[in-house]
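A closer look at the structure
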Amino acid sequence: MRDSGGAHRSDHGHRATRRAARLLEQFTPGRRGGAAVAVTLMAVACAPVAVGHTAARFMDGEPRPAAGHASAGPEGASTGYDTGPVATGSASAGATSYASAGPDGAVSEYGGTPSPATTTASSAGPSPAASAGTGSSPAASPSSSPSASAPAPGGAAAPESPSASASPAAAGPSPAAEPAPGAQPSAAPSGAEPSVAPSGGDPAPASPSPGTAPSASPSPSTSPSPDDPRCTVSAIMEPTCAVWWGASPWRGDPRPLEKTTGRPMDIVYTWHGIDQHDIPTASEVALTREGRMLHANIEARRFEEPGHPALSYRQIIEGEFDDSLTAQAHNIADLGQPFFVTFDHEADAKKRYNTRGTPEEFVAAWRHIVDLYRANGADNAIFVWNVTGWPQNLDRLPGLWPGNAYVDWISWEAYNMTGCELQPHWEHVDSFEDALRPTYEWIQTEGEKHGIDPDKPVMIGEMGTVPLRDPRATAEWYAAIPETLREYERVRAVKLWDGMTAPTCDFRVLRDAHAAHGYSKAARHPYVNVPERAREAIEDALALAEEARRHAERLSERGLRE
């Protein structure tokens, strides 16, 4: 664990003061019911709450996923770990083809899915020596200094998050007749258009020189531990301890991942177009009824049209999509639960930056959407600003920042794409920490200079690795995530991008037994399991706030009649 200049050490002086001020701002009128929520949240969060829900309610009685959710291997197959076979709970590993989005969202079929062993051998380059089962970061990780990340040899393009490469069509139909809640965006492992899909765009981070010495380790988080009774959740769903665990699941169905890990997803990431009225969809609402939260990325694209063509930010600013945005706001308000929203994720990626509009127009479009949502009662919408996290794009962030009043969470991606055919020059291995560190340090050291509040909670919007040459290094990549997160205390949520963009660019953890093992180990770690009492506290607080709102409406109506 490295800390260049102590950028992410906890500073309990002015940081604590600013955080207190920020929390107070969250309870002002117009934010989730205002003062009513402030009182009820504080009262309920401080009271002991019995643990009434368990992961079992998400796992028991669930139907097995339909074909297409491939498993980590034949059920019961040994992975070589002392803990025994990896439970899969997903469809047979014998599926011979699967859909994937190619560049520009074109869907292609890749036949004969390789077995985990084959995939592992063919994908990544040499794994770091210290990786296998040690918990240490790969030896050949990039320098912690953003400036040290030079373009890869030959001017390789920086991968846009895989999600950016994956087209929504890649997710396939959801169990219901609606678009899959987690429909993957066009080519790239993450959000609506992953940061330049692994097929090009921004230069890929280069591996550091062999002699780069690690700097001092950062101070671990001093937040309450998950078993501390002071552990609560704020009005914008920031836990004071632990971290939310989520995913953009393959084909929009989180159940295969949940069966494998033995725990529910906290957040399910979904993909939509700004022209869609039905957000969230009925199948997505069903996910919330089972206890999950939703995070929707609203793309500046027409999802109601074939190919999901992009549109300009100017069209949004001028009100061309106000009808659909208003419908979305009403649906989200009616949901009555916290709902994370991102507009045009990874706006700093080459596919978006200065293509759909200028940075100034992106900011104006973002503010237009937030203002419209709030004006139409969606006070439960929590706005998550998302960028790629590529070091070479950091200078683009100030111009894309909508302002502290328009953003609740800050988000970026953390990927390793060693050996991915869409990133032919990516030969080094980035650990999870290597991937998240540059943007975290930039926000902490440079953010305030550009009006960005470094105390806002952070969400790793998409993360994952392709299978590495050393299978145990693949397992360790995932298993090390919780302990890494302890060192970056502003990170309060992390989500897997469970998709693929090409045969050697497959981030689906259930396709590789070692990835499934490491991911499952991480999912069970206490630091990524927010205590049930904290969840129930916010649910009770919101219920009381809603009751207070309805009572106020009744009083108002009575007064008007009189």
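Everything quoted here is computed from the prediction, not taken from an experiment.

**A few points about the overall build of the protein**
Regarding its fold elements, the protein presents 16 helices and 12 strands. When burial is assessed residue by residue, the protein has 60% of its 562 residues classed as buried. Partitioning the intrachain contacts of the protein with sequence separation of at least 6 by distance along the chain shows that 79% fall at a separation of at least 24. Here the protein has roughly 19,800 Å² of accessible surface; of this, 55% comes from carbon and sulfur atoms.

**A short note on the pairing of strand E6 (residues 339-343)**
Regular strands place their side chains on alternate faces of the sheet. With 5 of 5 residues buried, E6 is to be regarded as a mostly interior element. Residues of E6 alternate between two faces, with Phe-339, Val-341 and Phe-343 on one and Phe-340 and Thr-342 on the opposite face, all of them buried. Across 5 bridges, the pairing between strand E5 (residues 293-299) and E6 is parallel. Bridge pairing in E6 links Asn-297 to Thr-342. Pairing between E6 and strand E7 (residues 381-386): 3 bridges, direction parallel. Looking at the pairing, Phe-339 lines up with Ala-381 of E7.

**Observations regarding the pattern of salt bridges**
All told, the structure shown has 19 salt bridges when counted by the stated rule. Arg-302 is the salt-bridge partner of Glu-320, the closest N and O atoms lying 2.9 Å from each other. Of this pair, Glu-320 sits in the loop between helix H8 (313-317) and helix H9 (322-335) while Arg-302 sits in the loop between E5 and H8, and the two are 18 residues apart along the sequence. On the basis of relative accessible area, Glu-320 is assigned to the partly exposed category, the value being 46%. Each of the salt bridges in this network shares a partner with another, and the network as a whole consists of Asp-253, Arg-255, Glu-258, Glu-290 and Arg-292.

**Section: the confidence of the model for the protein**
Confidence in the prediction for the protein averages 71 pLDDT; 56% of positions are at 70 or higher. Contacts of residues 1-157 to residues separated by more than four positions or lying in other chains number 365 contacts, the stretch itself having pLDDT below 50.

**Brief notes about the sheet that holds strand E9 (residues 458-465)**
Spatially, 8 strands are ordered E3-E4-E5-E6-E7-E8-E9-E10 in a closed barrel, and the strand pairing comes out parallel. Direction aside, the axes of adjacent strands within the sheet are offset by 30° on average. Strands E5, E6 and E7 of the sheet are contacted by helix H10 (residues 359-375), whose axis makes an angle of about 170° with E7.

**What to know about the packing of aromatic side chains**
Enumeration according to the criterion identifies 16 aromatic pairs in this entry. With a centroid separation of 5.0 Å and an interplanar angle of 85°, the aromatic rings of Tyr-440 and Tyr-488 are classed as edge-to-face. Taken as a pair, Tyr-440 in helix H12 (residues 432-446) and Tyr-488 in the loop between helix H14 (481-486) and strand E10 (491-497) lie far apart in primary sequence, 48 residues in all. Neither residue differs from the other here; Tyr-440 and Tyr-488 are each classed as buried. Cluster of aromatic residues (ring-pair linked, three or more members): Trp-245, Phe-432, Trp-477, Tyr-478 and Tyr-519. The ring of Tyr-406 carries Arg-374 above its face, with NZ or CZ at 5.9 Å from the centroid. Against the face of Trp-250 rests Arg-508, its NZ or CZ located 4.4 Å from the ring centre.

**Things to note about the environment of Ala-364**
Locating Ala-364 in the fold gives a position in helix H10. As for Ala-364 and Leu-400, which are separated by 36 residues in sequence, their C-alpha atoms are 9.7 Å apart.

**Quick notes on the packing of H9 against H10**
The geometry of H9 relative to H10 is characterised by a closest axis approach of 9 Å and an angle of 50° between their N-to-C directions. Accordingly, the angle class assigned to the pair H9 and H10 is oblique. Classified by chirality, the crossing of H10 by H9 is right-handed. In this structure, H9 uses Asp-322, Leu-325, Thr-326, Gln-328, Ala-329 and Ile-332 to contact H10, whose residues at the interface are His-368, Ile-369, Leu-372 and Tyr-373. Its residues assigned to classes, the contact of H9 with H10 shows 6 nonpolar, 3 polar and 1 charged.

Parameters at a glance
Residues numbered from 1 in each chain as written. Predicted model: local features only at pLDDT ≥ 70, side-chain atom pairs only at ≥ 80, totals over all residues. Heavy atoms only, no water. Helix = DSSP H or I, 4+ residues; strand = E, 2+ residues; numbered from the N terminus. Buried < 20%, exposed > 50% of the residue type's maximum accessible area, 1.4 Å probe, protein only. Contact = heavy atoms within 4.5 Å. Areas by Shrake-Rupley, 256 points an atom, 1.4 Å probe, with all protein chains shown as cover. Pairing = 2+ DSSP bridges. Salt bridge = Lys/Arg side-chain N within 4 Å of Asp/Glu carboxyl O. pLDDT = per-residue confidence, 0-100. Axes fitted to C-alpha atoms, helices over the stretch in contact; angles between N-to-C directions. Phe/Tyr/Trp six-rings, centres within 6.5 Å; stacked < 30°, edge-to-face > 60°. Lys NZ or Arg CZ within 6 Å of the ring centre and 35° of its normal. Parallel < 35°, antiparallel > 145°, perpendicular 65-115°, else oblique. Left-handed = near helix turned anticlockwise from the far one by under 90°. Nonpolar A, V, L, I, M, F, W, Y, C, P; charged D, E, K, R; others polar.

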